[in-house]
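So the chains spell out like this:
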Amino acid sequence: SRIQHLLDCTEEEDKILAVTFTKKAAMEMQHRLERSLSLQEEEVLGEGEYEEGEITQEEYGTKKSTSLNRVTLGTFHSICAKILRWHGPHLSTLPSLSSSDTIMDGNFVIMDQSDQLKLIKEILTSLGIDL
């Protein structure tokens, strides 16, 4: 995969951002990356005893985990939400926001239309209002 190629060709401290449009595509991308890393692990480790100087399963597991931690993967909306959660407190200091009482503390939810309808129905039901 392209992400695996980037992991192989870049320095260990480099980060990779992979963005897609749909949750389904993001989940497939994550699955492919994990499968690719597992196949690479099988190729590197093989079976049996380890010779001196060879990588062990424990060492490779750490390398695999590090590779996954280098990748931030998701939809445009989920990536933007992560950025707002990570940097929200800093955004509150911007002149356009500093005059309001809004503090961006990361405590928010982004809801799509089906989530909004579900919430409205739950509220109406809790108030005893039938649809």
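Further up the page is the structure itself.
Residues numbered from 1 in each chain as written. Predicted model: local features only at pLDDT ≥ 70, side-chain atom pairs only at ≥ 80, totals over all residues. Heavy atoms only, no water.

**Student:** Requested: an account of a nonpolar patch on the surface, with residues and values cited.
**Tutor:** On the surface, Val109, Met111, Leu119, Ile123, Leu127 and Ile129 cluster together into a nonpolar patch covering about 540 Å² of accessible area. If you trace the backbone, Leu127 turns up in the segment after helix H6 (113-126). Look at Leu127 and you get exposed, because its relative accessible area is 59%. (Patch = residues over 30% accessible without salt bridge, like charges linked within 9 Å, V, L, I, M, F, W, Y side chains within 5 Å. Areas by Shrake-Rupley, 256 points an atom, 1.4 Å probe, with all protein chains shown as cover. Salt bridge = Lys/Arg side-chain N within 4 Å of Asp/Glu carboxyl O. Helix = DSSP H or I, 4+ residues; strand = E, 2+ residues; numbered from the N terminus. Buried < 20%, exposed > 50% of the residue type's maximum accessible area, 1.4 Å probe, protein only.)

**Student:** Describe a negative patch on the surface, listing the residues and the values that go with them.
**Tutor:** On the surface, a cluster of negative charge is made up of Glu11, Glu12, Glu13 and Asp14. Relative to the elements of secondary structure, Glu13 occurs in the loop between helix H1 (2-9) and strand S1 (16-20). Classification of Glu13 by relative accessible area gives exposed; the value is 60%. (Lys, Arg positive; Asp, Glu negative; His and termini not counted. Charge placed at Lys NZ, Arg CZ, Asp CG, Glu CD.)

**Student:** Any chance you could break down the side chain of Arg70 for me, citing the residues and the numbers?
**Tutor:** By secondary structure assignment, the location of Arg70 is in the loop between helix H3 (57-69) and strand S2 (71-75). Engagement of the side chain of Arg70 in a polar contact is seen with the backbone oxygen of Leu7, the distance being 3.4 Å. If we skip the residues at most four places from it in the chain, Arg70 touches Leu6, Leu7, Thr10, Glu11, Glu12, Asp14, Lys15 and Ile16. (Polar contact = N/O pair within 3.5 Å; in protein donor to acceptor, adjacent residues only side chain to side chain. Contact = heavy atoms within 4.5 Å.)

**Student:** Would you mind going over the nonpolar core in detail, with residue names and values included?
**Tutor:** Residues Ile3, Leu7, Ile16, Ala18, Ala26, Leu33, Leu37, Val71 and Leu73 constitute the largest nonpolar core, which totals nine residues. Taken together, the elements giving at least two residues each to this core come down to H1, S1, helix H2 (23-45) and S2. Ranked by the residues each element gives to this core, the list is headed by H2, at three residues. In contact with Ile3, not counting residues within four places along its chain, are Ile16, Ala18, Met29, Leu33, Val71 and Leu73. (Core = buried A, V, L, I, M, F, W, Y, C linked by side-chain atoms within 4.5 Å.)

**Student:** Got a sec to walk through the environment of Arg85? Specific residues and values, please.
**Tutor:** Looking at where Arg85 falls in the secondary structure, it is placed in helix H4 (residues 76-91). Separated by 20 residues in sequence, Arg85 and Asp105 place their C-alpha atoms 6.9 Å apart. With sequence-adjacent residues up to four places away left out, Arg85 is seen in contact with Gly106, Phe108 and Val109.

**Student:** Explain the pairing of S2 to me, and be specific about the residues and the numbers.
**Tutor:** For a regular strand, side-chain orientation follows a simple rule: the groups alternate between the two sheet faces. Burial of S2 is extensive: four of the five residues sit out of reach of the surface. Alignment of S1 against S2, held across five bridges, turns out to be parallel. Paired with Leu17 across the bridge in S2 is Thr72. (Pairing = 2+ DSSP bridges.)

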